[in-house]
Amino acid sequence: MVESWLGFSLPEDYKWLASTYGPLDIGEFIWLHTPCTQEGSFEYATWLRDTHRHCRISSRDAPPYEPPAFHPAPGGLLAWGMTRSVGYLFWNTAVSEDPNRWPVVIFDQDAVHQGVEPWRSFDMPLLDTLVAVVESGIALPGGGRLGPLPATVRRTAFLTDAGPWRPPAPRPEVVPEAQRRAALAQGSGLPALSLLVPPPEAPYLGGGTWEELFEELGTRLAAEYVALMNRYGSGCWSQWLRFMTPLRTGGRGFVHHVSESLDGYRSLRANFPQYHPLPVWPEPGGFLPFASSIDGDELGWLTDGNPDEWPLIVNPRHADQGPPLPHNLTDTLLEWSRGRFSAEGFPGLDKLDDPLEFIDFEPWDDEAYW
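Residue numbers restart at each chain and count upward from 1, following the sequence in its written direction. pLDDT decides what is reported in this predicted model: residues at 70 or higher carry local features, side-chain atom pairs at 80 or more are listed and counted, and totals for whole chains, interfaces and linings draw on all residues regardless. To get the side-chain values, take all heavy atoms of the structure and skip hydrogens and water.

Patch construction takes residues with relative accessible area above 30% that form no salt bridge. Like charges are linked within 9 Å, and nonpolar side chains (Val, Leu, Ile, Met, Phe, Trp, Tyr) are linked within 5 Å. For the accessible areas, the method is Shrake-Rupley and the probe is 1.4 Å, while residue cover comes only from the protein chains on display. Between Lys or Arg on one side and Asp or Glu on the other, a salt bridge is scored when a side-chain nitrogen of the former is within 4 Å of a carboxyl oxygen of the latter. There is a patch of nonpolar side chains on the surface, built from Leu-268, Phe-272 and Tyr-275 and spanning about 290 Å² of accessible area. Mapped onto the elements of the fold, Phe-272 is located in the loop between α10 (254–271) and β15 (287–293). The rule is simple: take the accessible area with a 1.4 Å probe, protein chains only, and divide by the maximum for that residue type; under 20% is buried, over 50% is exposed, in between is partly exposed. The class of Phe-272 is partly exposed, set by a relative accessible area of 40%. Here a strand is any run of E in DSSP of at least two residues, a helix any run of H or I of at least four, and the numbering for each starts at the N terminus.

Here's what the structure looks like:
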């Protein structure tokens, strides 16, 4: 099942280790990962994708070393493990059609920091490489050696409850992929965003009304925000940007969360005004947040003039305050989803990322706190 999902067979020595022992800690320094899953700790497909992406992007930090191809590209490198010094271990699948002859390749993060070529092939298959590492050690691209290591193996401590991994079922195709890919390059506004990121059938906004919210808040909100929320409801965009439930009643609604956020901002501004220069709602032009990231950044408006003309701004959690964003809310989400937009606080995509692998919208219901 795993090999069918990957599109080729895996080396026999690896399959024997994986089926006999599961995920392993080798010599107290090398983690051999296997196709397994453990909630909150590890999921094989996610680990492969994230490892390949991290090494692809990090490789460019040691110019002029362009990264090699990675699976699922034909002949791409395929990750199988990592070291405690943040080295990543791969097979070079381009060398042979026989997986038992695939040599091990390492990506050395220390070499990146030194500005030297971070990739090196050990020119040996898996078991031969592990024996060499344990017995004598192998030179690393950034200097030093991998090994020699103690001749010990044990189940990986953070994966003691891991179970077998099965390829994920294909996601329902609400919008045909061809239309979504077309929306990566053409179209504008909410219609294009709805093709690219299909909205839920039943958006959740809460039990109140917009007029009740406007009265409680003391101002109307931008019409495009209302239209966006009516289409999508509350939820999380691309596992990062969380839109609070706007019309929830019972003391946990929009005004409650705004008040909590701004109380915290006022305290920070009083103690560190150089890093927190924004006025806060209801001060003139004050910052009015409506969404936050999983990293603690806040997205909101500067409430100056007509609500439909309020500029968007990010209150970054781990950076200095930047200027207002250049787009309105819908276009910001659209360009961000297309991989064309990044700002302080917004994570960007790499030039080789497929945006459709990263963009989604997870709707919430009444059980969500926000």
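This part takes up helix α8 (residues 210–217). For α8, the set of buried residues is Trp-210, Leu-213, Phe-214 and Leu-217. Taken end-on, α8 shows its buried residues confined to a sector of 100°, consistent with a single buried face. Exposed positions of α8 whose direction lies more than 90 degrees from the buried face are Glu-215 and Glu-216. Contacts: residue pairs with any heavy atoms within 4.5 Å of one another. Considering only its buried residues, α8 is in contact with α9 (223–232), α10 and β15. At the exit of α8 stands Gly-218, carrying a positive phi of roughly 95°. In this description, the arc belongs to the directions extending from the helix axis to the C-beta atoms.

In this structure, the amide linkage connecting His-71 to the following residue, Pro-72, adopts the cis form with an omega of 15°. By secondary structure assignment, the location of Pro-72 is in the loop between α3 (44–59) and β5 (77–83). With an omega dihedral of 10°, the bond running from Trp-281 to Pro-282 counts as a cis peptide bond. With respect to the helices, strands and loops of the structure, Pro-282 is situated in the loop between α10 and β15.

The subject of this paragraph is the nonpolar core. Residue types Ala, Val, Leu, Ile, Met, Phe, Trp, Tyr and Cys, when buried and joined through side-chain atoms within 4.5 Å, form a set referred to as a nonpolar core. Within the largest apolar cluster, 57 residues are counted, with the highest numbers of intra-cluster contacts made by Leu-221, Tyr-225, Trp-237, Leu-241, Phe-243, Phe-290 and Leu-299. Broken down by element, the residue count for this core peaks at five residues, all from α9. Listed in part, the 47 residues of the second largest apolar core include Cys-36, Phe-70, Val-112 and Ala-162.

Of all seven residues that make up β15, seven are buried, and the element is covered over most of its length. One ladder, built from three bridges, connects strand β14 (residues 241–243) with β15; its direction is antiparallel. In the sheet register, Leu-241 faces β15, and the bridge partner there is Ser-293. With antiparallel pairing between neighbouring strands as the criterion, β15 and strand β16 (residues 298–302) make up a hairpin whose turn holds four residues, including Gly-296 at a positive phi of roughly 95°. What makes two strands pair is DSSP finding at least two bridges between them.

Looking now at the side chain of Gln-109. Mapped onto the elements of the fold, Gln-109 is located in helix α4 (residues 109–114). Relative accessible area serves as the criterion here: at 11%, Gln-109 is assigned to the buried category. Those residues in contact with Gln-109 that lie beyond four places of it in its chain are His-54, Ser-58, Val-86 and Tyr-88.

Strand order in the open sheet made by the three strands is β4-β3-β12, with antiparallel pairing throughout. In this open sheet, the two strands that pair with only one neighbour each are β4 (42–43) and β12 (163–164). Here strand β3 (residues 36–38) runs beside β12; their pairing, made up of two bridges, is antiparallel. Within β12, the position partnered with Thr-37 by the bridge is Gly-163.

With that settled, the discussion passes to the packing of aromatic side chains. Any two aromatic rings considered together are summarised by their centre-to-centre distance and by the angle between their planes. What counts as a ring pair is set by centres within 6.5 Å for rings of Phe, Tyr and Trp (its six-membered ring), and what kind of pair is set by the plane angle: stacked under 30 degrees, edge-to-face over 60, tilted for all other angles. Per the stated rule, a full pass over the model turns up 28 aromatic pairs. Judged by centre distance (5.8 Å) and plane angle (55°), the rings of Phe-70 and Trp-119 are tilted. Here the residue Phe-70 occupies a position in the loop between α3 and β5, and Trp-119 occupies one in strand β8 (residues 119–121), the gap between them amounting to 49 residues. Taking the relative accessible area as the measure of exposure, Trp-119 reaches 13% and is therefore buried. Ring pairs connect the aromatic residues Trp-210, Phe-214, Tyr-225, Tyr-232, Trp-237, Phe-243, Phe-290, Trp-301, Trp-310 and Phe-361, which therefore count as one cluster.

Here we come to the sheet that holds strand β11 (residues 153–155). The strand order across the open sheet formed by seven strands is β8-β7-β6-β5-β2-β1-β11, and the pairing between neighbours is antiparallel. Of all strands in the sheet, those with a lone pairing partner are β8 and β11, marking the two edges. Averaged over all neighbouring strand pairs, the angle between strand axes comes to 30°, with direction disregarded. With five bridges joining them, β5 and strand β6 (residues 87–92) adopt antiparallel strand pairing. Bridge pairing in β6 places Leu-77 opposite Asn-92. All axes are obtained by fitting lines to C-alpha atoms, using only the stretch in contact for helices, and the reported angles, taken between N-to-C directions, cover 0 to 180 degrees.

What follows covers the pattern of salt bridges. What the rule picks out here adds up to 17 salt bridges. Between Asp-350 and Arg-56 there is a salt bridge, and its shortest N-O distance comes to 2.4 Å. Linking Asp-350 in the loop between α11 (329–337) and β18 (361–363) with Arg-56 in helix α3, this pair joins segments that are 294 residues apart in sequence. A single burial state applies to Asp-350 and to Arg-56, both of which are buried. Residue Arg-338 pairs with Glu-335 through a salt bridge whose shortest N-O separation is 2.9 Å.

Before going further, it helps to examine the environment of Tyr-232. Its location among the elements puts Tyr-232 in helix α9. For the pair Tyr-232 and Pro-198, spaced 34 residues apart in sequence, the C-alpha separation works out to 8.7 Å. For Tyr-232, the residues in contact, after removing those within four places along its chain, are Leu-190, Leu-193, Ser-194, Val-197, Pro-198, Pro-199, Pro-200, Pro-203, Trp-237 and Phe-361. Reaching out from Tyr-232, the side chain makes a polar contact with the backbone oxygen of Leu-193 at a distance of 3.1 Å. As used in this structure description, the phrase polar contact means that two N or O atoms lie within 3.5 Å; if the pair is within protein, one of them must be able to donate a hydrogen and the other to accept it, and residues adjacent in sequence are counted only when both atoms belong to side chains.

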